[in-house]
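Structural description and commentary
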Amino acid sequence: MAWVLKMDEVIESGLVHDFDASLSGIGQELGAGAYSMSDVLALPIFKQEDSSLPPENEPKHPPFQYVMCAATSPAVKLHDETLTYLNQGQSYEIRMLDNRKAGDIPEINGKLVKSIIRVVFHDRRLQYTEHQQLEGWKWNRPGDRLLDLDIPMSVGVIDIKTNPSQLNAVEFLWDPTKCTSAFIQVHCISTEFTPRKHGGEKGVPFRIQVDTFKQTENGEYTDHLHSASCQIKVFKPKGADRKQKTDREKMEKRTAHEKEKYQPSYDTTILTECSPWPDTPTTFVNNSPTPAPTFTSAQHSTYSVPDSNSSSPNHQGDGTSQGSGDQLHPSATIQETQQWLLKHRFSTYTRLFSNFSGADLLKLTREDLVQICGPADGIRLYNALKSRSVRPRLTIYVCQEPSRSIQLESQDAGNGDHSNGAIYVYHAIYLEEMAASEVTRKLALAFNIPLHQINQVYRQGPTGIHILVSDQMVQNFQDESCFLFTTIKAENEGFHIILK
């Protein structure tokens, strides 16, 4: 009796269409007379007695669909996400399709929508460090963009914009009711973000993501409508074709049973629905609400990468807080800290530490830096911040011998005292290498002598003989020895230096 009442409700709610066919299918599934009342009541058709559900049991369609005209890899397992190989710099079409049913989102009828296409990292670890990764790429590839729109080939796109501070994104307006295709070019390759290891490199996967927005009452396109993305890998020109061919040949060698575990290769790649890409970057340390676009190329161009052997030409300090620039001091300003990072080859992290002063950076522990920058760069940055300069292997003190008239007034050159207050001024020479050539070079630097004009360096020995300074002699110098030196003209245009 209860089953009859349920059937009456189904008939009254209009859900009895195709009921006979469904019941016939049930009979074929279970066998004639082989099903009970509880089995019938558990079938999905009887679950639609709730009047709040829609009358048609159909999946909800997204308002838009994006299809990239590039084949998927055949070497992807059935339940994994598709993977598409792209060639660096090649134009690929993304078709922007209106997938709405009649009556869906009527407020955009006759209006334009805005879409932002991005190339982003697939791995979560790289997503956390996206900005310093992209800044590092920017320094290695000045003037290039990670993503471009091939405007001559694109159809139906309007008001195309690229932000100089967002090298991995392009945006445009389009009319959903018209044929629209955006041709994109990806210029970064997957191996550019992979640490080099023995046995070659394995490129990281990227994602192509499309976020679409409608116009708000104030005229801004900020009301999110739909997002979709797909997984890609980018190879050097023609590399994607070779990789696709290799995957196809590998699959052909597999048995029929093994092939069933893999999805077929499709001629096009359908972007699947996903969450919208966040506007504000996520970082470990800098929780400033300032979004990425505020770090403009004009601001960044004030910094330059100096030669590793010279100080930064853009250093604006007074020379007291930073000194030679080798040691970062707590008093360093934000700009000086940025310069220090660039000078010591940490340019990939200038964006991450863009609001850090010297004191802020020096407060970070070794563990903090390893977590932020990874083990290799984190340890290197910690050592650069905390370690002292390497102690020289040998220190000697050298003074250029004064003229004859002054020398006669001197009483004791050994202790530097002078009866009328005159003193000998010595220069400290720090030797990192125990070699005669190092002594010659450091003497030239300390006393502003052209290096090419020094022919030989001698040491005055017993009875005034001149002994050629060799590597072995330097290795037997006592630490903190004192020398007076004089110069003698050589037969050519150079001269000899004699240490006493």
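What comes next concerns the included structure. (Residues numbered from 1 in each chain as written. Predicted model: local features only at pLDDT ≥ 70, side-chain atom pairs only at ≥ 80, totals over all residues. Heavy atoms only, no water.)

All right, on to the environment of Met96 then. Structurally, the position occupied by Met96 is in strand E3 (residues 91–98). With relative accessibility at 2%, the residue Met96 sits in the buried group. When the C-alpha atoms of Met96 and Phe64 are compared, they prove to be 7.3 Å apart, with 32 residues separating the residues in sequence. (Helix = DSSP H or I, 4+ residues; strand = E, 2+ residues; numbered from the N terminus. Buried < 20%, exposed > 50% of the residue type's maximum accessible area, 1.4 Å probe, protein only.)

Once that is clear, we can look at the pattern of salt bridges. All told, the structure shown has 15 salt bridges when counted by the stated rule. A salt bridge links Glu192 to Arg141; the shortest N-O distance between them is 2.8 Å. Of the two residues, Glu192 is situated in the loop between strand E8 (180–186) and strand E9 (206–215) and Arg141 in the loop between helix H5 (130–140) and strand E5 (147–149); the sequence distance between them amounts to 51 residues. One salt bridge connects Asp247 with Lys243, and the closest N-O pair in it is separated by 3.6 Å. Taken together, the residues span about one helical turn, with Asp247 and Lys243 both in helix H6 (residues 239–252) at a distance of four residues. Classification of Lys243 as partly exposed rests on a relative accessible area of 28%. It is possible to trace a salt-bridge network through shared partners that takes in Glu107, Lys214 and Asp223. (Salt bridge = Lys/Arg side-chain N within 4 Å of Asp/Glu carboxyl O.)

Moving on to the pairing of strand E2 (residues 83–87). Taken across its five residues, E2 has five buried, putting it largely inside the fold. Burial along E2 is two-sided: the residues Leu83, Tyr85 and Asn87 and Thr84 and Leu86 are all buried. Bridging between E2 and strand E10 (residues 221–235) involves five bridges; their strand directions are parallel. Along E10, the bridge assignment pairs Asn87 with Phe235. (Pairing = 2+ DSSP bridges.)

Below, the discussion takes up the side chain of Asp247. Judged by relative accessible area, Asp247 falls into the buried class, the value being 3%. At 2.9 Å, the side chain of Asp247 and the side chain of Ser73 are in polar contact. Ignoring any residue separated from it by four or fewer positions in sequence, one finds Asp247 in contact with Ser73, Pro74, Ala75 and Tyr85. (Polar contact = N/O pair within 3.5 Å; in protein donor to acceptor, adjacent residues only side chain to side chain. Contact = heavy atoms within 4.5 Å.)

Next up on the list: the packing of helix H11 (residues 366–373) against helix H12 (residues 375–386). In contact at an axis separation of 7 Å, H11 and H12 are set at 140° when each is read in the N-to-C sense. For the element pair H11 / H12, the angle class is oblique. As for the relative orientation of H11 and H12, their crossing is right-handed in sense. Every residue of H12 that contacts H11 at Arg366, Leu369, Val370 and Cys373 is listed here: Pro375, Asp377, Gly378, Ile379, Leu381, Tyr382 and Leu385. For the contact of H11 with H12, a count of residues per class yields eight nonpolar, one polar and two charged. (Axes fitted to C-alpha atoms, helices over the stretch in contact; angles between N-to-C directions. Parallel < 35°, antiparallel > 145°, perpendicular 65-115°, else oblique. Left-handed = near helix turned anticlockwise from the far one by under 90°. Nonpolar A, V, L, I, M, F, W, Y, C, P; charged D, E, K, R; others polar.)

As a further point, take the sheet that holds strand E15 (residues 454–460). The six strands lie next to each other as E14-E13-E17-E18-E15-E16, forming an open sheet whose pairing is mixed. The open sheet terminates on both sides in strands that have one partner only, identified here as strand E14 (427–431) and strand E16 (466–468). Direction aside, the axes of adjacent strands within the sheet are offset by 40° on average. The pairing of E15 with E16 spans three bridges and is antiparallel.

For the rest of this paragraph, the subject is empty space enclosed by the protein. The tally for this structure, following the rule as stated, stands at one cavity of 30 Å³ or more. Roughly 40 Å³ of volume is contained in the largest cavity. For the largest cavity, the full set of lining residues is Val119, Val120, Phe121, Leu134, Leu146, Cys188, Phe193 and Phe206. With three residues, strand E4 (residues 113–121) is the largest single contributor of residues to the lining of the largest cavity. Of the residues assigned to the lining of the largest cavity, the class counts are eight nonpolar, no polar and no charged. (1 Å grid on protein atoms, 1.4 Å probe; cavity = no way out; pocket = protein on both sides within 12 Å on 5 of 7 lines; lining within 4 Å. Points joined across faces, edges and corners; volume = space filled by probe spheres on them.)

Turning to the pairing of E9, a few remarks are in order. Along E9, nine of the ten residues are buried, which leaves the element largely enclosed by surrounding structure. For E4 and E9, the ladder comprises eight bridges, and the chain directions are antiparallel. Within E9, the residue paired with Val119 across the bridge is Ile208. Taken together, E9 and the strand that follows it, E10, pair antiparallel across an intervening segment of five residues, in which Gly219 is found at a positive phi of about 90°.

On to the state of the cysteines, then. For the structure shown, the criterion picks out zero disulfides. Left without a disulfide partner, Cys482 is nearest to the cysteine sulfur of Cys399, which lies 9.8 Å away. (Disulfide = S-S within 2.5 Å.)

Time to look at H12. Here H12 contains twelve residues, and its C-alpha end-to-end distance of 16 Å stays within 8% of the 16 Å for a straight helix at 1.5 Å per residue. Gly378, Leu381, Ala384 and Leu385 are the residues of H12 that are buried. Down the axis of H12, the smallest arc covering the buried residues is 130°, so these residues share one side. Away from the buried face of H12 by more than 90 degrees, exposed residues Pro375 and Ala376 are located. Check the buried side of H12 and you find it contacts helix H9 (334–343), helix H10 (358–362) and H11. (Expected span 1.5 Å × (residues − 1). Arc of directions from axis to C-beta.)

Looking now at the sheet that holds E3. In spatial order, the strands read E5-E8-E3-E1-E11; together these five strands make up an open sheet with antiparallel pairing. At either margin of the open sheet sits one strand with a lone partner, and together these are E5 and strand E11 (269–270). Pairing analysis gives three bridges linking E5 to E8, with the strands arranged antiparallel. When the bridges of E8 are listed, Leu147 appears paired with Val186.

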